[in-house]
Amino acid sequence: MSAAISVEAAVKRYGSLEALGGVDLEVRQGDFFGLLGPNGAGKTTLISALAGLLRLSSGHIRIMGRDVVADYREARRQVGIVPQEIVFDPFFSVREVLKIQSGYFGLRHNDDWIDELLFRLDLSAKADANMRQLSGGMKRRVLVAQALVHRPPVIVLDEPTAGVDVELRQGLWTFVRELNEAGHTIVLTTHYLEEAQSLCNRIAMLKAGRIVALDDTANLLRAVEGLTMKVKVE
Ligand code: ATP
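Since we're looking at a predicted model, the values are computed, not measured.

Calculation criteria
Along each chain, the written sequence defines residue order, and numbers are assigned to residues from 1. Given that this is a predicted model, residues contribute local features only at a pLDDT of at least 70 and side-chain atom pairs are listed and counted only at 80 or more, while totals for whole chains, interfaces and linings are drawn from all residues. In computing side-chain values, all of the structure's heavy atoms are included and hydrogens and water are not. Exposure classes here rest on a 1.4 Å probe applied to the protein chains alone. A residue is buried below 20% of its type maximum, exposed above 50%, and partly exposed in between. Each helix corresponds to a stretch of at least 4 residues labelled H or I by DSSP, and each strand to a stretch of at least 2 residues labelled E; elements are numbered beginning at the N terminus. Two strands are counted as paired when DSSP detects at least two bridges linking them. Crossovers are marked right-handed if the path from the first strand over the helix to the second runs clockwise, as seen with the strands pointing away from the viewer. To pair, rings of Phe, Tyr and Trp, with the six-membered ring standing in for Trp, must have centres within 6.5 Å; the planes then decide the type, stacked if under 30 degrees apart, edge-to-face if over 60, and tilted in the middle. Here, over-ring charges are defined by two tests on the NZ atom of lysine or the CZ atom of arginine: distance to the ring centre within 6 Å, and angle to the ring normal within 35 degrees. Salt bridges are counted wherever a side-chain nitrogen of Lys or Arg sits within 4 Å of a carboxyl oxygen of Asp or Glu. A fitted line through C-alpha atoms serves as each axis, taken over the contacting stretch for helices, and the angle formed by two N-to-C directions is quoted from 0 to 180°. Reported orientations rely on four angle classes, namely roughly parallel under 35 degrees, roughly antiparallel over 145, roughly perpendicular from 65 to 115, and oblique for the rest. Should the near helix be turned anticlockwise from the far one by less than a right angle, the crossing is termed left-handed; should it be turned clockwise, right-handed. Contacts are assigned to residue pairs that have any heavy atoms within 4.5 Å of one another.

Draft legend 1. Fine view of the pairing of strand β8 (residues 185–190). With 6 of 6 residues buried, β8 is to be regarded as a mostly interior element. Neither face of β8 is exposed, since T185, V187 and T189 on one face and I186, L188 and T190 on the opposite face are all buried. With 5 bridges connecting them, strand β3 (residues 32–36) and β8 associate as parallel partners. Residue pairing for β8: L36 is matched across the bridge by T190. In this fold, the crossover linking strand β7 (residues 154–158) to β8 by way of helix α6 (residues 166–181) has right-handed handedness.

Below, the structure is given as structure tokens:
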């Protein structure tokens, strides 16, 4: 079985700054994978490269076996990205945003799935509201729906709960867990070890553009605990 995502020797340079310094990473199909790291670690850079939104300086990324550069359109079909930044045309309605995204993937008869997504994300009552009339938390849920319109096997969420209240956060995690149980591969970036611990079966830690740890969640936590114990004793 091919990996859901494979990253080989990914380097991204901005002048003298190496945002990614040679990342190798494999996300297996069915994983709920956590990508952890402090501000500036390179998480968004890696996700932008996965989404084909930026070109690596060198290296390769494949999604479900499709190269994101050489086979961009097919690779893009395999993945739904929930970006960190909320950018919408404020005058489109929620439903229009989802129809436009469906159109991008050539899906002309997608209304039943759009209705289901709106229902699952508690947005049915806002379907015809303009984006500018929505709260930040609602906009973030539209981003999730937008990522899912083409039913991608792989779903990547870049800090999806930033600015979302506790109740909505729980609802979103329940939904994402169900997607994982239904067979979708999930990649989540977060700053919070506790969040990754409660959700993910595998975790990679990124620091200054390099993977510094990658393991099953339980093993990784043991290693991190060992590290902090050592630091405390010394
Ligand atoms: P955060 O948790 O704060 O979102 P991150 O792990 O997502 O951080 P990135 O946004 O990937 O980190 O940034 C990695 C590094 O690359 C940072 O040092 C950042 O300043 C730099 N960087 C990102 N985009 C650009 C750009 N367009 N031009 C120059 N430097 C950039």
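Draft legend 2. Examining the packing of aromatic side chains more closely. For the structure on display, the rule yields 1 aromatic pair. Where Y104 meets F105, the ring centres are 4.9 Å apart and the plane angle is 85°; that geometry is what we call edge-to-face. Sitting over the ring of Y104, R73 keeps its end group 5.3 Å from the ring centre. A cation over a ring is seen here: R151 above W113, with NZ or CZ 4.1 Å from the ring centre.

Draft legend 3. Examining the pattern of salt bridges more closely. Taken as a whole, this structure holds 12 salt bridges when the rule is applied. Salt-bridge contacts for E18 lead to R210; the nearest nitrogen and oxygen are separated by 3.5 Å. With E18 in strand β2 (residues 17–27) and R210 in strand β10 (residues 210–216), this residue pair connects regions lying 192 residues apart in the sequence. One salt bridge in this structure joins R77 and E74, with 3.7 Å as the shortest N-O distance. A residue pair is termed a helical-turn pair when its members lie 3 or 4 positions apart in one helix, as R77 and E74 do in helix α2 (residues 72–77) at 3 residues. Residue class for R77 comes out partly exposed when judged on its relative accessible area of 34%. Here the salt bridges do not stand alone but share partners, grouping R28, D31, R202 and D216 into one network.

Draft legend 4. Geometry of the packing of helix α3 (residues 94–104) against helix α5 (residues 136–148). Between α3 and α5, whose axes approach to 9 Å, the crossing angle comes to 25°. In terms of axis orientation, α3 runs roughly parallel to α5. The hand of the α3/α5 crossing is right-handed. Contacts between α3 and α5 involve V94, V97, L98 and Q101 from the first element and V142, A145 and Q146 from the second.

Draft legend 5. Spotlight on the environment of L98. Locating L98 in the fold gives a position in helix α3. The sequence separation of L98 and S124 amounts to 26 residues, and the corresponding C-alpha distance is 13 Å. When sequence neighbours within four positions are dropped, the list of residues in contact with L98 reads I114, L118, V142, A145, Q146 and V149.

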